[in-house]
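Examining the three-dimensional arrangement
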Amino acid sequence: GLESLHLELGGMHCAACSSRIERVTGNLDGVNEASVNLAANTGSFIFDPALVSRRDIRQAISGAGFTSEVQS
Ligand code: 9UX
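Notes on the structure in this doc start here. Bear in mind the structure is a predicted one, so any value in this text is a computation, not a measurement.

Rules used throughout
- Residues numbered from 1 in each chain as written.
- Predicted model: local features only at pLDDT ≥ 70, side-chain atom pairs only at ≥ 80, totals over all residues.
- Heavy atoms only, no water.
- Near = heavy atom within 4 Å.
- Polar contact = N/O pair within 3.5 Å; in protein donor to acceptor, adjacent residues only side chain to side chain.
- Nonpolar A, V, L, I, M, F, W, Y, C, P; charged D, E, K, R; others polar.
- Helix = DSSP H or I, 4+ residues; strand = E, 2+ residues; numbered from the N terminus.
- Buried < 20%, exposed > 50% of the residue type's maximum accessible area, 1.4 Å probe, protein only.
- Expected span 1.5 Å × (residues − 1).
- Arc of directions from axis to C-beta.
- Contact = heavy atoms within 4.5 Å.

The subject of this paragraph is the site of the ligand. Residues in close proximity to the ligand include His 13, Cys 14, Ala 16, Cys 17, Arg 20 and Phe 66, which together make up its full environment. Arg 20 is positioned such that a nitrogen or oxygen atom in its side chain is 3.3 Å from an oxygen atom of the ligand. Looking at side-chain class alone, the shell around the ligand contains four nonpolar, one polar and one charged residues.

Shown next as structure tokens:
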């Protein structure tokens, strides 16, 4: 079934940054929903673990120039 990932994000300074993170993660096969909150520096991702991993999602974010930490 689907799983969720909640991240604390670093390096966002404007709405284009949060949109970019939503786009690069949402473009991954298996990511069904990508929602980034600029003000809170957080992101929530719904994904199919048969198609994409938590690591894949975090690598897409770092590739776009942002940091992420898994929220407890
Ligand atoms: Mo806004 Mo974000 O000018 O990398 S796009 S700071």
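Following the structure, the description resumes.
This brings us to unusual backbone geometry. Even without a glycine there, the phi angle at Asn 41 is positive, about 55°. Within the secondary structure, Asn 41 sits in the loop between β2 (31-37) and β3 (42-47). A relative accessible area of 27% places Asn 41 in the partly exposed class.

Bringing the environment of Gly 1 into the picture now. On the secondary structure map, Gly 1 appears in the segment before β1 (3-10). The class for Gly 1 is exposed, based on a relative accessible area of 93%. Placed 60 residues apart in sequence, Gly 1 and Ile 61 show a C-alpha to C-alpha distance of 23 Å.

Because an α-helix completes one turn every 3.6 residues, residues spaced three or four positions apart along the sequence face the same direction. With 12 residues, helix α1 (residues 15-26) should reach 16 Å at 1.5 Å per residue; the first-to-last C-alpha distance of 16 Å fits that figure. Among the residues making up α1, those that are buried are Cys 17, Ser 18, Ile 21 and Thr 25. The arc enclosing the buried residues of α1, seen along the axis, measures out at 95°, which places them on a common side. Structurally, α1 contributes buried residues whose contacts are with β1, β2, β3 and α2 (54-63).

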